[in-house]
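Spelled out from the first residue to the last, the chains are:
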Amino acid sequence: SAAKYGSLKRLTNYNVGAVSPIYKCFRFGKDENPIFWEHYFDGGAHEDGLSEFVNEGARAGRFNISVDTFLSISVCYPSETEQQKIADCLGSLDDLIAAHSRKLAALQDHKKGLLQQLFPADGETTPKLRFPGFEGEWRENKIRKCAKLITGIHLAPEDYGNSGALPYFTGPSDFTDLISSISKWTNRKGNTGNLGDILITVKGSGSGSIWKLNLKEVALGRQLMALRPTDIVEDFLYFFMETRQRYFANLSLGNLIPGLSRDHILDTKVFLPDPPEQQKIANCLSDLDALITAQTEQIAALKTH
């Protein structure tokens, strides 16, 4: 919703339901189109009328307004016929967004299934699904034998800000490959992640979450480490790490403050096929990721429209 306050939502999934006292329910008359009004309020067109009445409550960020005051604000609206026309237009766009969202969910589910089948399950040495032309056992290894791990370091507040030579990532909330989305910068290199590295959250909330870095170089805070492939196909290692995210998250919970050590990561067991099969698996999953990204961007464009 574009509305800052006075948010309204139409009940569509249930015929009846219990509602918290902080919410109020009302219905429009038979000559009004509820879908039109849902989009009207969703766009925040009523905010000018509300702004002079809204009072902040005891809790910061929560605003209070009475039902009588809300119903007293003036609104501009068209005839029933034009309301229907607008509702049909925006409703069809909602249906299109919903259809594309279902397609995105199907692609994401398909990827989850492939990740489970293209890598060996716990206790197994070969995967359930293999591409034609590949056979034989995968060899057991540890991540320390095929990748380098770079530990992030803490920077004092005066060492970073909204400008600088390098992006500075302090945790998973900073993960992005868009320069325009970066909020923290620094001139101190310290320990850095490079293009193609796999960033791993190793301290605090989100421990075990990963990110494939497509920026040239970023400075890493102590909450992060960067895994740099040395003797393994880059994207094969990334997708293997995706299959281990839950394992790492559970492992981190054994500490008072959730966290992972270097040995937790470097001693993780990985089974490796020959490089051509690694590349085939990496290409398959990378192509699927590209479809998921394109679908996500299409949904964002439709929402913006």
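Scroll up to find the structure.
Starting afresh in each chain, residues are numbered from 1 along the sequence in its written order. Side-chain atom pairs in this predicted model are given and counted only at pLDDT of 80 or more, local residue features only at pLDDT of at least 70, and totals for whole chains, interfaces and linings cover all residues. Hydrogen atoms and water are omitted, and side-chain values are computed over all heavy atoms in the structure.

(A) Layout of the state of the cysteines. Cysteine sulfur pairs qualify as disulfides if the two atoms are within 2.5 Å. This model, assessed by the stated rule, comprises zero disulfides. Among the cysteines around Cys76, which has no disulfide bond, Cys89 carries the closest sulfur, lying 20 Å off.

(B) View of the sheet that holds strand β9 (residues 198–201). With antiparallel pairing, the four strands of this open sheet are ordered in space as β4-β12-β9-β10. Of all the strands in the sheet, just β4 (147–151) and β10 (210–212) have a single pairing partner and so form its edges. Strand-to-strand, the axes of this sheet are offset by a mean angle of 25 degrees, without reference to chain direction. Two strands pair if DSSP finds at least two bridges between them. Here a helix means four or more residues in a row that DSSP labels H or I, a strand means two or more in a row labelled E, and each is numbered from the N terminus. Relative to strand β12 (residues 224–229), β9 runs antiparallel, the two sharing four bridges. Residue Leu199 lies in a different strand from β12, and its bridge partner there is Ala226. Residues count as neighbours in contact if any of their non-hydrogen atoms are within 4.5 Å of one another. Axis geometry follows a simple rule: fit a line to the C-alpha atoms, using only the stretch in contact for helices, then measure angles between N-to-C directions, giving values from 0 to 180 degrees. With respect to the sheet, helix α5 (residues 234–243) is in contact with β4, β9, β10 and β12, its orientation differing from that of β10 by roughly 155 degrees.

(C) Quick peek at the packing of aromatic side chains. Pairs were defined over the aromatic rings of Phe, Tyr and Trp, the Trp ring being its six-membered one, requiring ring centres within 6.5 Å. Orientation was assigned from the angle between planes: stacked under 30 degrees, edge-to-face over 60, tilted for the rest. As enumerated under the stated definition, the model contains 15 aromatic pairs in all. Arranged with centres 5.1 Å apart and planes meeting at 45 degrees, the rings of Phe119 and Phe236 form a pair that is tilted. Here Phe119, found in the loop between α4 (80–118) and β3 (139–142), pairs with Phe236, found in helix α5; they are 117 residues apart in sequence, far enough to count as distant. The same class applies to Phe119 as to Phe236, namely buried. Three or more aromatic residues joined by ring pairs make a cluster, and in this case those are Phe36, Trp37, Tyr40, Phe41, Phe70 and Tyr77. Under the scheme applied here, a residue whose accessible area is under 20% of the maximum for its type counts as buried, over 50% as exposed, and between as partly exposed, the area being computed with a 1.4 Å probe on protein chains only.

(D) Layout of the pattern of salt bridges. Any Lys or Arg side-chain nitrogen located within 4 Å of an Asp or Glu carboxyl oxygen qualifies as a salt bridge. Enumeration according to the criterion identifies 14 salt bridges in this entry. Taking the shortest distance from any N to any O, the salt bridge between Asp159 and Arg188 comes out at 3.0 Å. Of this pair, Asp159 sits in the loop between β4 and β5 (160–161) while Arg188 sits in the loop between β7 (185–186) and β8 (192–194), and the two are 29 residues apart along the sequence. Lys184 is paired through a salt bridge with Asp174; the nearest N and O atoms lie 2.9 Å apart. With a gap of ten residues between them, Lys184 in the loop between β6 (166–169) and β7 and Asp174 in the loop between β6 and β7 connect regions that are remote in the sequence.

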